[in-house]
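One-letter residues, chain by chain:
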Amino acid sequence: MAQKELWKGNEAVARAAILAGCRYFFGYPITPQNEIPEYMAAHLPEVGGCFLQSESEVAAINMVYGAAGAGARVMTSSSSPGISLKQEGITYLVGSELPAVIVNVMRGGPGLGTIQPAQGDYFQATRGGGNGDYRTVVLAPSTVQEAADLTQEAFDIADQYRNPVLLLMDGMIGQMMEGMVWHEIPRRELPPKRWATTATEGKRGKNIINSWRSDGTGLEVHNLHLAEKWRAMEENEVRWEERGTEEAELIFVAYGTTARLAAAAMKELEKQGIRCGLLRPISLWPYPSTRLCALAERTSVRAVFTVELSLGQMVEDVRLAVEGVKPVGFFGRAGGVIPTPHEIAEQARAFLEQWR
Amino acid sequence: MKLGEKRLTIVTGHYGSGKTEFSVNLACALGRSGRPCALCDLDIVNPYFRAREREGELGKHGVRLISSSLLGPENDVPALPAELFAVFQDKTRYGVIDLGGDEVGARALARFRAEIDRSETKVLFVLNANRPETGTTEQAAACLEQICSVLGLDVTGIVNNTHLCGETAPEDVLQGAVLAEEIAARTGIPVACHVVHRKLVKEMSGRLSGEVFPIQIYMRKPWEEEDNDGKSEL
């Protein structure tokens with residue numbers, strides 16, 4: 001087994017992208033994700049790749065469009081306000097069926113907000129922050145190891161569906177250091193990119209990459225084709241992690257940093273004799289709704305409790321999944337404030353008491 | 001590494017090498033030994049995991065924090081306070097100066113070069129052999145050289161701070177000791193100490209040549225428990 005090394009979340013994402021074959025990175029600096037472009041600037045040239053600091057986030061995402069259209073593996077990263085600027089580019093990538101990986105290391109908002117960690121971009125990431133009927137796979141790591149592994153897989157997922165994939169982290173996951181191992185990530189069988197705007201060499205017709213459809217029902221046909229892809233993603237790309245859900249009376253639901261906090265809160269509650277479990281969604285879209293509902297239906301479960309670094313966004317997906325089978329509670333801190341595990345434990349216990 | 005041997009200690013190194021954890025522990029050790037001490041947090045590169053987040057714990061050990069004249073430990077304005085001059089001018093006080101990572105972080109101190117009396121100053125290079133960018137002698141020596149050139153000061157000691165956060169094993173420290181000695185041989189800069197978590201000190205006894213600096217973890221992640229077992233004395 002390879003030796004463990006100490007990596008920062010952001011650095012690990014950057015190296016993972018290069019290992020996955022990413023050769024182009026376009027971006028603009030913003031805290032707390034700056035180590036990603038810094039690492040890319042230092043290391044992409046070593047593998048013959050190109051790092052370019054664009055004049056703005058908008059320019060960066062459109063450079064991503066260009067490189068993806070040429071069939072390259074390409075990535076951009078930013079933090080919340082910068083990701084807002086990229087939304088037009090993201091919906092164009094989806095409309096034009098272009099694969100790319102977009103990393104959001106979330107900070108507090110709205111607006112310029114704060115540089116401290118937050119999870120307030122859940123709606124934007126999972127509902128589509130741009131215009132039109134679209135979806136992107138959203139992956140949310142909660143360890144540095146997972147950030148590295150999911151980044152590599154994200155490139156395969158993007159290529160498989162010809163659709164951008166979002167890696168949604170928060171400032172804490174991006175900035176913290178943890179031991180991790182670089183290991184082989186299983187690669188998917190992917191079709192050649194016959195659609196890319198590479199040279200025809202006189203052997204084929206032109207490839208055109210475009211999201212504009214003006215031919216009567218053409219756009220609806222295209223939308224239905226895209227919807228087939230969403231259905232396939234919902235079937236194949238749902239992932240989650242479970243801890244201690246057997247015989248649990250309280251099920252925590254949390255992702256990223258809050259899943260780490262909830263796990264610490266669970267220890268405190270267990271000392272008080274409360275049996276707790278954790279369902280940690282890894283894919284925020286598609287959401288592990290079916291599994292969550294199955295857990296909620298268990299007779300041992302009294303309540304479901306969601307924790308977020310926001311004032312309540314993912315909790316809507318939790319309520320949709322649980323469908324009133326069991327009461328759903330929520331606790332969140334926002335604006336860059338991180339709750340303590342004790343605070344979470346107290347809030348969860350108080351909620352559970354109402355339904356015991 | 002004799003505690004309080006020099007009045008000022010400048011702590012530098014690759015980013016993520018553990019400069020802040022070492023600095024906070026050093027300042028607290030000085031404070032506990034009864035020496036009036038200030039910790040200067042000069043990290044204006046990265047606003048996460050900075051010494052200023054631990055003002056309360058520093059205060060408990062009698063350490064004064066000098067970080068920013070702007071309110072709040074989270075602010076990302078790269079401004080340094082005039083209060084910083086206190087550590088150079090007040091010769092009755094010990095000072096630990098915690099810089100940001102790499103040569104970029106070291107640049108913040110270059111502006112105070114004229115204030116620094118080299119005869120009363122130690123400059124330490126913190127090394128973690130488990131960090132990817134300083135895992136070889138060549139990489140670490142290059143990083144050290146870049147920092148020295150920006151700082152305009154010579155590094156006077158290497159601190160082996162090789163760890164894997166909560167997963168650190170004695171082998172990590174030993175592996176770091178080998179790298180630190182290699183850099184020492186190459187640069188002529190001595191190894192100042194080996195940083196060992198207090199829980200590993202007994203186990204490591206006799207396995208390291210050179211001084212051991214025992215630490216506890218102050219720069220915890222928000223879900224990690226306090227690392228003091230109710231005891232603040234190391």
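Residues numbered from 1 in each chain as written. Chains lettered and ligands numbered in written order. Predicted model: local features only at pLDDT ≥ 70, side-chain atom pairs only at ≥ 80, totals over all residues. Heavy atoms only, no water.

**Observations regarding the domain arrangement of chain A**
Note: interface size is frequently given as the accessible area lost on complex formation between the parts. All names here are of chain A. This is how it is decided: Boundary definitions for the domains trace back to an automatic or database domain assignment. We call two residues in contact whenever any of their non-hydrogen atoms come within 4.5 Å of each other. Accessible area that two parts lose when put together, evaluated with a 1.4 Å probe and summed over both, is termed the buried area. When a carboxyl oxygen of Asp or Glu lies within 4 Å of a side-chain nitrogen of Lys or Arg, that pair is called a salt bridge.
Along its sequence, chain A is carved into domain 1 (4–236) and domain 2 (241–353). The gap between the C-alpha centroids of domain 1 and domain 2 is 28 Å. Each side of the interface is counted separately: domain 1 has 33 residues, and domain 2 has 24 residues. For the pairing of domain 1 and domain 2, the buried interface totals around 2,300 Å² over both sides, and the portion due to carbon and sulfur atoms is 55%. For the domain 1 face of the interface with domain 2, the top three residues by lost area are Gln119, Tyr122 and Phe123, together amounting to 31%. For the pair domain 1 and domain 2, the interface holds 3 salt bridges.

**Details of the nonpolar core**
This is how it is decided: Take the buried residues of types Ala, Val, Leu, Ile, Met, Phe, Trp, Tyr and Cys, join any two whose side-chain atoms come within 4.5 Å, and each joined set is a nonpolar core. Only protein chains enter the accessibility calculation, which uses a 1.4 Å probe. A residue is then buried if its area is under 20% of the maximum for its type, exposed if over 50%, and partly exposed in between. The secondary structure listing takes helices from DSSP runs of H or I that are at least 4 residues long and strands from runs of E that are at least 2 residues long, numbered from the N terminus.
Of all hydrophobic cores here, the largest spans 140 residues; its most connected members are A:Met40, A:Met75, A:Leu250, A:Phe252, A:Val253, A:Val318 and B:Phe22. Sorting elements by how many residues they give to this core places helix H7 (residues 144–161) of chain A first, with 9 residues. When we break this core down by domain, the ones giving at least three residues each are domain 1 (4–236) and domain 2 (241–353) of chain A. Ignoring anything within four residues of it in the chain, the contact list for B:Phe22 reads B:Met1, B:Val11, B:Leu124, B:Val126, B:Val159, B:Cys193, B:Val195 and B:Phe213.

**A few points about the interface of chain B and chain A**
Between chain B and chain A, the residue contacts involve 21 residues of the former and 29 residues of the latter. Carbon and sulfur atoms supply 59% of the area buried between chain B and chain A, which totals about 2,300 Å² over both sides. Looking at the side of chain B facing chain A, the largest losses of area belong to B:Tyr15, B:Tyr48 and B:Trp223, adding up to 32% of the total buried there. If you look at where chain B meets chain A, you find 2 salt bridges. For A:Lys4, the salt bridge identified is with B:Glu167, shortest N-O distance 2.2 Å.

**Topic: the packing of helix H1 (residues 9–19) of chain A against helix H2 (residues 35–43) of chain A**
Residues and elements named next belong to chain A. Condition: Orientation is described by axes fitted as lines to C-alpha atoms, over the contacting stretch for helices, and by angles from 0 to 180 degrees between their N-to-C directions. Any angle that is under 35 degrees is reported as roughly parallel, and any over 145 degrees as roughly antiparallel; angles of 65 to 115 degrees are reported as roughly perpendicular and all others as oblique. Helix crossings get a hand from a simple test, with the near helix turned counterclockwise from the far one by less than a right angle marking a left-handed crossing and a clockwise turn marking a right-handed one. Amino acid classes used here: Ala, Val, Leu, Ile, Met, Phe, Trp, Tyr, Cys and Pro are nonpolar; Asp, Glu, Lys and Arg are charged; the rest, including Gly, are polar.
For the pair H1 and H2, interaxial distance at closest approach is 8 Å and the crossing angle is 40°. Taken together, the axes of H1 and H2 lie oblique to each other. Here H1 runs over H2; the crossing is right-handed. Facing Asn10, Glu11, Val13, Ala14, Arg15, Ala17 and Ile18 of H1, the residues of H2 in contact are Glu35, Ile36, Tyr39, Met40 and His43. Taken together, the residues of the contact of H1 with H2 break down into 7 nonpolar, 2 polar and 3 charged.

**Side note on the environment of A:Thr198**
Residues and elements named next belong to chain A. For Thr198, the position within the fold is in the loop between strand S8 (177–180) and helix H9 (218–236). Between the C-alpha atom of Thr198 and that of Gly82, which follows or precedes it by 116 residues, the distance is 30 Å. What Thr198 contacts, discounting residues up to four positions off in sequence, is Ala70 and Arg204.

**Digging into helix H6 (residues 170–187) of chain B**
All names here are of chain B. Worth spelling out the cut-off: Under the convention used throughout, the expected extent of a helix is 1.5 Å for every residue step, that is, one less than its residue count.
If you check H6, its first and last C-alpha atoms are 26 Å apart, about what 18 residues at 1.5 Å a residue would give, namely 26 Å. By the burial criterion, the buried members of H6 are Pro170, Asp172, Val173, Gly176, Ala177, Leu179, Ala180, Ile183 and Ala184. Lining the buried residues of H6 we find strand S5 (121–127), helix H5 (137–151), strand S6 (157–160), strand S7 (191–197) and helix H7 (201–204).

**Here we look at the environment of A:Ala296**
Residues and elements named next belong to chain A. Relative to the assigned elements, Ala296 resides in helix H11 (residues 289–297). Sequence separation of Ala296 and Lys326 is 30 residues, and the distance between their C-alpha atoms is 6.2 Å. When sequence neighbours within four positions are dropped, the list of residues in contact with Ala296 reads Val301, Val304, Val322, Val325 and Lys326.

**A short note on the sheet that holds strand S3 (residues 63–66) of chain B**
Two modes of strand pairing occur in sheets, parallel and antiparallel, and in both the strands are linked by backbone hydrogen bonds. All names here are of chain B. Formally: Strands are labelled as partners when DSSP assigns at least two bridges between them.
One open sheet holds the 8 strands; their spatial order is S3-S2-S4-S1-S5-S6-S7-S8, and the pairing between them is parallel. Here the strands that pair on one side only, and so sit at the sheet edges, are S3 and strand S8 (212–215). With direction set aside, neighbouring strand axes in the sheet form an average angle of 25°. As paired elements, strand S1 (residues 8–13) and strand S4 (residues 94–99) share 4 bridges and run parallel to each other. By the bridge assignment, Leu8 is partnered in S4 with Gly95. The strands that H5 touches are S1, S4, S5 and S6; relative to S5, the one it contacts most, it runs at about 145°. On the sheet, H6 packs against S5, S6 and S7 and is oriented at approximately 165° with respect to S6.

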